[in-house]
Amino acid sequence: MSTNLPNIPAPTWVDWSSGTLSGAAIEDGQKTLGQLEGIFQDQAVWRGMDPATVVYRVQYWRPVPDGTPGGVFWGATVLEPGRVGDEYFMTHGHFHALSDRAEIYATVKGTGALLLMDEGGTTSSQTMKPGTVHYIPGKVAHRVVNTGDEPLVFLASWPSDAGHDYGSIKTKGFSKRMILRDGAPCLV
Ligand code: S6P
Ligand code: ZN
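Caption draft 1: Structural detail: the layout of surface pockets. In this structure, the largest pocket spans a volume of roughly 320 Å³. As for the largest pocket, its lining consists of 23 residues, and the residues nearest its centre are V58, Y60, T77, H94 and Y166. Among the elements that make up the lining of the largest pocket, the one with the highest residue count is strand β4 (residues 54–61) (four residues). The volume enclosed by the second largest pocket comes to roughly 150 Å³. Lining the second largest pocket, in full, are S18, G19, T20, D28, G29, R57, V58, Q59, A76, V78 and V153.

Caption draft 2: Representation of the site of ligand 1. Lining the immediate surroundings of ligand 1 are 16 residues, of which Y56, G93, E103, Y105 and Y166 lie closest. In this structure, G93 approaches ligand 1 through a main-chain N or O atom, which is 2.8 Å from an oxygen atom. Within the side chain of H164, one N or O atom sits 2.9 Å away from an oxygen atom of ligand 1. When ligand 1 is considered free in solution it has 390 Å² of accessible area, and contact with the protein chains removes 98% of it. The cavity that encloses ligand 1 is the largest pocket. Of all the elements in the fold, those that place two or more residues in the shell around ligand 1 are β4, β8 (103–109) and β13 (152–159). Looking at the shell around ligand 1, the element that brings in the most residues is β4, giving three residues. Here the residues of the shell around ligand 1 are counted per class, giving seven nonpolar, eight polar and one charged.

Criteria and thresholds
- All residue numbers refer to positions counted from 1 along the written sequence of the respective chain.
- Starting at A for chains and at 1 for ligands, labels are handed out in the order in which the entities are written.
- With the structure being a predicted model, the display of local features is reserved for residues of pLDDT at least 70 and the display and counting of side-chain atom pairs for 80 or more, all residues being used for whole-chain, interface and lining totals.
- Hydrogens and water are ignored here; the side-chain numbers use all heavy atoms of the structure.
- Within this scheme a cavity is a closed region of a 1 Å grid, computed over the protein atoms alone, that accommodates a 1.4 Å probe without allowing it to escape, whereas a pocket is open but has protein on both sides within 12 Å along at least five of seven lines; lining residues each have an atom within 4 Å of a point.
- Grid points are joined across faces, edges and corners, and a volume is the space filled by probe spheres set on the points.
- Note on conventions: DSSP H or I runs of at least 4 residues are helices, E runs of at least 2 residues are strands, and numbering of each starts at the N terminus.
- Nearness of a residue to a molecule or strand requires only that one of the residue's heavy atoms be within 4 Å of it.
- Polar contact is defined as a pair of N or O atoms within 3.5 Å, subject to the rule that within protein one atom must be able to donate a hydrogen and the other to accept it, and that residues adjacent in sequence are counted only when both atoms are side-chain atoms.
- Accessibility throughout is a Shrake-Rupley quantity obtained with a 1.4 Å probe, and a residue counts as covered only by protein chains that appear here.
- Should more than half of a molecule's atoms lie within 2 Å of a pocket's or cavity's grid points, that molecule is taken to sit in it.
- In this classification, the charged set is Asp, Glu, Lys and Arg, the nonpolar set is Ala, Val, Leu, Ile, Met, Phe, Trp, Tyr, Cys and Pro, and all remaining amino acids, among them Gly, are polar.

Structural data, given as structure tokens:
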């Protein structure tokens, strides 16, 4: 019998209380302080810290091959609390390789900030706390900062042909940083 149904991937799972993904198709990765060279402002303090310290862990579900037009991916990130000097732990941050591709983030646990920077270098931020859902337009770099004292967990969904462009963030960074000042987070 012929069918017009595409090859439908088997479902996977999310534990909504922890944000943990599970299932055979889930891939994972992590970023350590050592892998985040050049990302934090105070390089002297960064060099004095253990490079094996895990800053964040990621889980991905890619139900279609990377680069497939019209598909979507799903992922979870657990960003640990901590600081390099007065600068909070954060994700590397990126534009998408296909720059006009958008993304959605949804916060499960913890508190922090989503930094959003347009191609002209203007940075704004949105508060992340349990239940907040954030729309990241195309051509906007995105980075998450954990300003709390527990892990910040968020889910993400993005187009399967978006790809990642880390290069310009590695060389130029964001135009604003989230630091601890007078006992509170401050975007400077
Ligand atoms: C993918 C999505 C997230 C990040 C993850 C780690 O488009 O934005 O899954 O990959 O939060 O951040 P980064 O900047 O190291 O990719
Ligand atoms: Zn992204």
